[in-house]
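One letter stands for each residue in the lines below.
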Amino acid sequence: MPVRPALNYIGGSWVGSSSHATVEDRNPARTNELIANAAASTADDVRHAIGAAERAFPEWRATPAPQRGDIVRKAADLMERRREQLARLCTQEEGKVLAESYAEVDRAIANVRFSGGEGLRLTGETIPSAQRGTLIYTRRDPLGVVACVTPWNFPIAIPAWKIAPALVCGNTVVFKPASLTPLCATEVVQCFIDAGLPDGVLNLVLGSGEALSAALVDDERIKAISFTGSSAVGRALYARAAQRFCKVQLEMGGKNAVIVLADADLDKAAESVANGAFGATGQRCTATSRAVVAKPLLAEFVRLLGSKADSFMPGDGMTEGVKMGPLVDASQLEKVRAKIAEGKREGATLARDGSDAGIDGGYFVAPTIFTEVDPRMSVAQDEIFGPVVSVIAADGLESALEKANAIGYGLSSSIYTRDLHSAFRYAESSEAGMLHVNLPTLGGEAHVPFGGVKDSGFGDRECGTAAFDFFTELRVVYVGY
Ligand code: UN1
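Please read these numbers as outputs of a predicted model, since none were measured by experiment. (Residues numbered from 1 in each chain as written. Predicted model: local features only at pLDDT ≥ 70, side-chain atom pairs only at ≥ 80, totals over all residues. Heavy atoms only, no water.)

K.L.:
Help me understand the side chain of His436 in this model?
P.N.:
Checked against the element boundaries, His436 lands in strand β20 (residues 434–437). Among the residues examined, His436 registers a relative accessible area of 13% and is labelled buried. There is a polar contact of 2.8 Å between the side chain of His436 and the backbone oxygen of Ser413. Sequence-distant contacts of His436, that is, excluding residues within four places in its chain, are made with Ser412, Ser413, Ser414, Ile415, Tyr426, Thr441 and Leu442. (Helix = DSSP H or I, 4+ residues; strand = E, 2+ residues; numbered from the N terminus. Buried < 20%, exposed > 50% of the residue type's maximum accessible area, 1.4 Å probe, protein only. Polar contact = N/O pair within 3.5 Å; in protein donor to acceptor, adjacent residues only side chain to side chain. Contact = heavy atoms within 4.5 Å.)

K.L.:
Even after reading the chapter, I still don't get the site of the ligand, so can you show me in this structure?
P.N.:
Taken together, Arg107, Asn153, Phe154, Ile158, Trp161, Thr228, Arg284, Cys285, Thr286, Gly443 and Phe450 make up the full set of residues adjacent to the ligand. Between the ligand and the protein, one listed contact pairs an oxygen atom with a side-chain N or O atom of Arg107 at 2.5 Å. With respect to the ligand, the backbone of Cys285 contributes an N or O atom lying 2.7 Å from an oxygen atom. Relative to its unbound accessible surface of 310 Å², the ligand loses 98% to contact with the protein. Its atoms largely coinciding with the cavity grid, the ligand occupies the largest pocket. Taken together, the residues that form the shell around the ligand break down as five nonpolar, four polar and two charged. Split by domain, the shell around the ligand shows at least three residues from each of two domains, domain 1 (4–252 + 456–480) and domain 2 (256–437). (Near = heavy atom within 4 Å. Areas by Shrake-Rupley, 256 points an atom, 1.4 Å probe, with all protein chains shown as cover. 1 Å grid on protein atoms, 1.4 Å probe; cavity = no way out; pocket = protein on both sides within 12 Å on 5 of 7 lines; lining within 4 Å. Sits in = over half its atoms within 2 Å of the grid points. Nonpolar A, V, L, I, M, F, W, Y, C, P; charged D, E, K, R; others polar. Domains from an automatic or database assignment.)

K.L.:
Honestly, the pattern of salt bridges in this entry has me stumped. Any pointers?
P.N.:
Two side chains of opposite charge can pair, provided their charged atoms sit close to one another. Per the stated rule, a full pass over the model turns up 30 salt bridges. Between Asp106 and Arg83 there is a salt bridge whose closest N-O contact spans 2.7 Å. With a gap of 23 residues between them, Asp106 in helix α4 (residues 98–118) and Arg83 in helix α3 (residues 83–94) connect regions that are remote in the sequence. Residue classification places Asp106 among the partly exposed residues on the basis of a relative accessible area of 33%. The class for Arg83 is partly exposed, based on a relative accessible area of 31%. A salt bridge links Arg139 to Asp141, with the shortest nitrogen-to-oxygen separation between them at 2.7 Å. Salt bridges sharing partners connect three or more residues here, namely Arg61, Arg139, Asp141 and Arg475. (Salt bridge = Lys/Arg side-chain N within 4 Å of Asp/Glu carboxyl O.)

K.L.:
Help me understand the sheet that holds strand β23 (residues 472–480) in this model?
P.N.:
With respect to topology, three strands assemble into an open sheet ordered β6-β7-β23, the strand pairing being antiparallel. Lying at the two open borders of the sheet, with one neighbouring strand each, are β6 (126–128) and β23. Averaged over all adjacent pairs, the angle separating strand axes in this sheet is 25°, with direction ignored. With three bridges joining them, β6 and strand β7 (residues 134–142) adopt antiparallel strand pairing. Its bridge partner being in β7, Thr126 is matched across the sheet by Tyr137. (Pairing = 2+ DSSP bridges. Axes fitted to C-alpha atoms, helices over the stretch in contact; angles between N-to-C directions.)

K.L.:
Even after reading the chapter, I still don't get the domain arrangement of the protein chain, so can you show me in this structure?
P.N.:
By convention, interface size is frequently given as the accessible area that disappears when the constituent parts associate. Considered domain by domain, the protein chain is made up of domain 1 (4–252 + 456–480) and domain 2 (256–437). Once you take the C-alpha centre of each, domain 1 and domain 2 turn out to be 31 Å apart. Contacts between the two partners involve 23 residues from domain 1 and, on the opposite side, 26 residues from domain 2. Interface area for domain 1 against domain 2, summed over the two sides, is near 2000 Å², with a carbon-plus-sulfur share of 58%. Along the contact surface separating domain 1 from domain 2 lie one salt bridge. Inspection of the region where domain 1 meets domain 2 yields eight residue pairs in polar contact (both at pLDDT 80 or more). Elements represented by at least two residues in the side of domain 1 that touches domain 2 include exactly β5 (30–39), α3 and α4. It is α3 that contributes the most residues to the side of domain 1 that touches domain 2, four residues altogether. Of the residues that constitute the side of domain 1 that touches domain 2, the class distribution is eight nonpolar, seven polar and eight charged. (Buried area = accessible area lost by both parts, 1.4 Å probe.)

K.L.:
What am I meant to see in the sheet that holds β20 here?
P.N.:
The pairing of strands in a sheet happens through backbone hydrogen bonds and is either parallel or antiparallel. Pairing is mixed in the open sheet, where seven strands are placed in the order β15-β16-β17-β14-β13-β19-β20. The outermost strands of the open sheet, each flanked by one partner alone, are β15 (349–352) and β20. On average, each strand axis in the sheet is inclined to that of its neighbour by 20°, with strand direction left out of account. One ladder, built from three bridges, connects β15 with strand β16 (residues 368–371); its direction is antiparallel.

K.L.:
Could you clarify how one ought to interpret the nonpolar core in this entry?
P.N.:
Generally speaking, a soluble globular protein has its nonpolar side chains buried in company with each other. Counting residues in each nonpolar core, the largest one holds 65 residues, and the members touching the most others are Met79, Val112, Leu167, Val173 and Phe192. Tallying contributions element by element places helix α5 (residues 157–168) first for this core, with nine residues. Each of two domains, domain 1 (4–252 + 456–480) and domain 2 (256–437), supplies a minimum of three residues to this core. Discounting chain neighbours no more than four positions away, the residues touching Met79 are Leu86, Val105, Ala108, Ile109, Val112, Ala160, Val188, Cys191 and Phe192. Core analysis: the second largest hydrophobic core is formed by 25 residues, Ile259, Ile340, Ala380 and Leu397 among them. (Core = buried A, V, L, I, M, F, W, Y, C linked by side-chain atoms within 4.5 Å.)

Written out as structure tokens, the structure is:
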């Protein structure tokens, strides 16, 4: 198969990097398979993209919101028509199994369709004035040029759910996807182009964060940055953007716990932890990475979790029967293995060691389970972003809550119980942005706000109508009559 170029899209044209440099894009399940040579862009390319977006802004802003929404909705229809092609590309480029890729594409479609519809509902409010003969109303106006900076682990859905609301709100966009998934980004952009987006309204710049982030973050013309990635990068980005009061929205890491109380449906709880920990090879910020389990159930829980882990056969996500794809690249493989070694050194019991999956040709690990984990150990504190779960023992509800909360992150959490008091007590005290009762820590629905607290999230939520708060400026008009 000929190797495709992956190009930038600036001002309505597909173009290479101004430096002519490229980087190889390889299949993480078959590292000898070169998929594309992707543009390695420069700060100059970023500036060109911002310029194109700035020039396109007045006309796009003047386009009525329902018409902007129509174009975005057409992009969703095109994604639906290209569902299979997008899903296969996602598996080939990111590694997740095909069923997971289909689920991701479906989520992208739902998000984009929802955002398109919001073009009809970009409403403000009227507020009664304390003065006679005065009308007060609010407007939601676009910000200008905004940047969408996205990770490799949901290379279709996250770009879709940032770009679509940004556009419907009337902003023009510079999109900087993760350097590991340039073709998924290209195909998402193509859906928006083919839906009829005018030139310059959406621009794509491929390349590494190290090379491009300063040019994006420091440019006065960028009015907002929506970022998904690690907490360390998010923190640095926020500090820098704050220098010029640039609006930011940060979706960052997670270390999500499932609490399993003594009255839980144990099989359901173990299934939830297995799917949460090993699904998508643990490479999602809502993955389950801690199970905080009531002591009387502990032995049986670990046995059940182990047997469910056995069914997560690693391999090429294109292959029927494979349930867990590879890690995304060599550095993730090294990091996950190092974290497993660290857990052993700290004294946690390695009940199932997946650091060597015994498969050649890709970045494979297998499900890994630590037991007898102290909540202060690094395996219980640091985001690993691999199929590794730490089982922590708890005495009861309050001890479980304390252990689940004893962490810097706060994205998602869950409890398994049949007791109403425990469920609501959990809902009021879990330090996470997305809570689940008798459901996995994973995911989120397209039309529902998504995001975390503590080191996991900062700024307005993504998705749902919350995304429209982030991508607009609220203005107030006083009218005397
Ligand atoms: C999901 O887990 O279904 O980067 C979505 C991430 C999150 C999105 C996850 N921002 O993993």
